[in-house]
Amino acid sequence: MITTVLIDVDNTLLDFDKCAEEAMERTFEMWGMEFGGEVFPVFRRVNDMLWQKIEKGELDKPGLYKVRWKTIFEILGINRNGPEFENDFRLVFSECKQTVEGAYGLLEYLSKKYTVCAASNASAWQQNKRLKNADMMKYISRLFISEELGAPKPEKKFFDACLERLGNIPKEQVVLIGDSLSADINGGADYGLKTIWFNYDKLPVEGVRADWVVYSLNEIKSIL
């Protein structure tokens with residue numbers, strides 16, 4: 001019997017893509033730079049590549065912050081200081097609270113039936129601030145952040161720490177909801193959790209290890 005829901009934050013509850021694009025447009029304006037349509041696709045490609053390295057233990061978040069915008073600017077041929085831009089970008093991003101459609105309704109529904117805990121690899125101060133600004137913390141019992149647990153999703157140590165802090169509840173009582181196949185779905189499946197893949201990017205589902213696949217958050221209400 002499911003008693004506890006672990007739910008990812010970015011592109012599951014909060015719309016990372018919309019927040020990131022809004023933040024970079026505002027930061028470009030702060031820096032007196034023109035924000036072109038080619039910027040976000042390059043950001044998404046570089047950011048995804050760096051987060052995959054974090055999930056594999058090949059990079060940490062401070063390392064990402066040093067190289068993310070440096071790499072993006074090099075690709076775009078922009079001669080500006082990447083690490084300094086990164087600092088401003090993250091400050092602006094922390095104020096962005098655009099949500100995924102259906103997120104409030106899902107959290108309200110789940111919180112009446114289960115213990116709901118957010119599980120994220122992103123920065124602790126940033127996720128705390130964004131979830132509070134979005135008025136979502138009233139539905140969330142615990143916020144599990146990789147930097148505070150000592151390991152990122154999808155590592156076993158991350159999930160061990162989550163369940164330990166929940167009173168060593170059995171894996172069979174936990175379901176993990178998330179958009180990342182590597183961090184959420186494969187990580188959760190490897191650990192022995194039930195998983196629901198929120199297919200945010202409408203990717204092919206063949207070979208996906210999730211117990212359930214949904215294309216909208218509202219669909220989860222018919223599962224749990």
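Nothing here was measured: the structure is a model prediction, and the numbers come from that model. (Residues numbered from 1 in each chain as written. Predicted model: local features only at pLDDT ≥ 70, side-chain atom pairs only at ≥ 80, totals over all residues. Heavy atoms only, no water.)

Considering the sheet that holds strand 2 (residues 115-120)
Two modes of strand pairing occur in sheets, parallel and antiparallel, and in both the strands are linked by backbone hydrogen bonds.
Right, so step 1: As summarised here, the arrangement of the six strands in space is 3-2-1-4-5-6, forming an open sheet in which the pairing is parallel. Each edge of the sheet is formed by a strand with only one pairing partner; in this case those strands are strand 3 (142-145) and strand 6 (212-214). Across the sheet, the mean angle separating the axes of adjacent strands is 20 degrees when strand polarity is ignored.
Right, so step 2: Note: strand 4 (residues 174-178) against strand 5 (residues 194-198), four bridges, orientation parallel. Within the sheet, the bridge partner assigned to Ile177 lies in strand 5 and is Ile196.
Right, so step 3: This element, helix 5 (residues 103-111), spans strand 1 (4-7), strand 2 and strand 4 of the sheet and lies at about 130 degrees to strand 2.
Right, so step 4: Relative to strand 5, helix 9 (residues 181-191) is tilted by about 160 degrees, and along the sheet it contacts strand 4 and strand 5. (Pairing = 2+ DSSP bridges. Helix = DSSP H or I, 4+ residues; strand = E, 2+ residues; numbered from the N terminus. Axes fitted to C-alpha atoms, helices over the stretch in contact; angles between N-to-C directions. Contact = heavy atoms within 4.5 Å.)

Quick word on the side chain of Asn11
Right, so step 1: Here Asn11 shows up in the loop between strand 1 and helix 1 (16-30).
Right, so step 2: Take Asn11: its relative accessible area is 5%, and that puts it in the buried class.
Right, so step 3: For Asn11, the side chain forms a polar contact with the main-chain nitrogen of Phe16, separated by 2.8 Å.
Right, so step 4: With near-sequence residues (within four places) excluded, Asn11 lies in contact with Phe16, Asp17, Arg44, Val100, Asp179, Phe198 and Tyr200. (Buried < 20%, exposed > 50% of the residue type's maximum accessible area, 1.4 Å probe, protein only. Polar contact = N/O pair within 3.5 Å; in protein donor to acceptor, adjacent residues only side chain to side chain.)

Concerning the packing of helix 1 against helix 4 (residues 82-93)
Right, so step 1: The contact between helix 1 and helix 4 brings their axes to 8 Å, and the two run at 125 degrees. Considering their axes alone, helix 1 and helix 4 lie oblique with respect to each other. The interaxial crossing formed by helix 1 with helix 4 has right-handed handedness. Side by side, helix 1 and helix 4 meet where Phe16, Cys19, Ala20, Ala23, Met24, Arg26, Thr27, Phe28 and Met30 of the first sit next to Phe85, Asp88, Phe89, Val92 and Phe93 of the second.
Right, so step 2: Among the residues making up the contact of helix 1 with helix 4, the classes are represented as 11 nonpolar, one polar and two charged. (Parallel < 35°, antiparallel > 145°, perpendicular 65-115°, else oblique. Left-handed = near helix turned anticlockwise from the far one by under 90°. Nonpolar A, V, L, I, M, F, W, Y, C, P; charged D, E, K, R; others polar.)

Looking at the nonpolar core
Right, so step 1: Core analysis: the biggest nonpolar cluster contains 30 residues, and Val5, Leu110, Leu131, Met136, Ile177, Ile220 and Leu224 have the highest contact counts within it.
Right, so step 2: For this core, the secondary structure elements donating two or more residues are strand 1, helix 5, strand 2, helix 6 (124-133), strand 3, strand 4 and strand 5.
Right, so step 3: With four residues, the single largest contributor to this core is helix 5.
Right, so step 4: Other than its neighbours up to four places away in sequence, Leu110 contacts Val5, Val116, Ile177 and Leu224.
Right, so step 5: Ranked by size, the runner-up nonpolar core spans 26 residues in total, among them Phe28, Leu64, Val92 and Cys96. (Core = buried A, V, L, I, M, F, W, Y, C linked by side-chain atoms within 4.5 Å.)

As for helix 2 (residues 39-55)
Right, so step 1: Look at helix 2: 24 Å from first C-alpha to last across 17 residues, which is about the 24 Å you get at 1.5 Å a residue.
Right, so step 2: Within the span of helix 2, buried status applies to Val39, Phe40, Val42, Phe43, Arg44, Val46, Asn47, Leu50, Trp51, Ile54 and Glu55.
Right, so step 3: Buried residues in helix 2 make contact with helix 1, helix 3 (61-76), helix 4 and helix 9. (Expected span 1.5 Å × (residues − 1).)

Description of the packing of helix 3 against helix 4
In helix packing, the relevant descriptors are the interaxial angle and the interaxial distance, both defined with respect to the helix axes.
Right, so step 1: Running from amino to carboxyl end, helix 3 crosses helix 4 at an angle of 110 degrees, the nearest separation of the two axes being 7 Å. Considering their axes alone, helix 3 and helix 4 lie roughly perpendicular with respect to each other. Across the interface between the two elements, Tyr65, Lys66, Arg68, Trp69, Lys70 and Phe73 of helix 3 pack against Gly82, Pro83, Phe85, Glu86, Phe89 and Arg90 of helix 4.
Right, so step 2: Partitioning the contact of helix 3 with helix 4 into residue classes produces six nonpolar, one polar and five charged.

Focus: the pairing of strand 3
Right, so step 1: Bridge count for strand 2 against strand 3 is four bridges, and the pairing is parallel. Each bridged residue has a counterpart across the sheet, and for Ala119 the counterpart in strand 3 is Phe144.
Right, so step 2: Crossover connection from strand 2 via helix 6 to parallel strand 3: handedness right-handed. (Right-handed = clockwise from strand over helix to strand, strands pointing away.)

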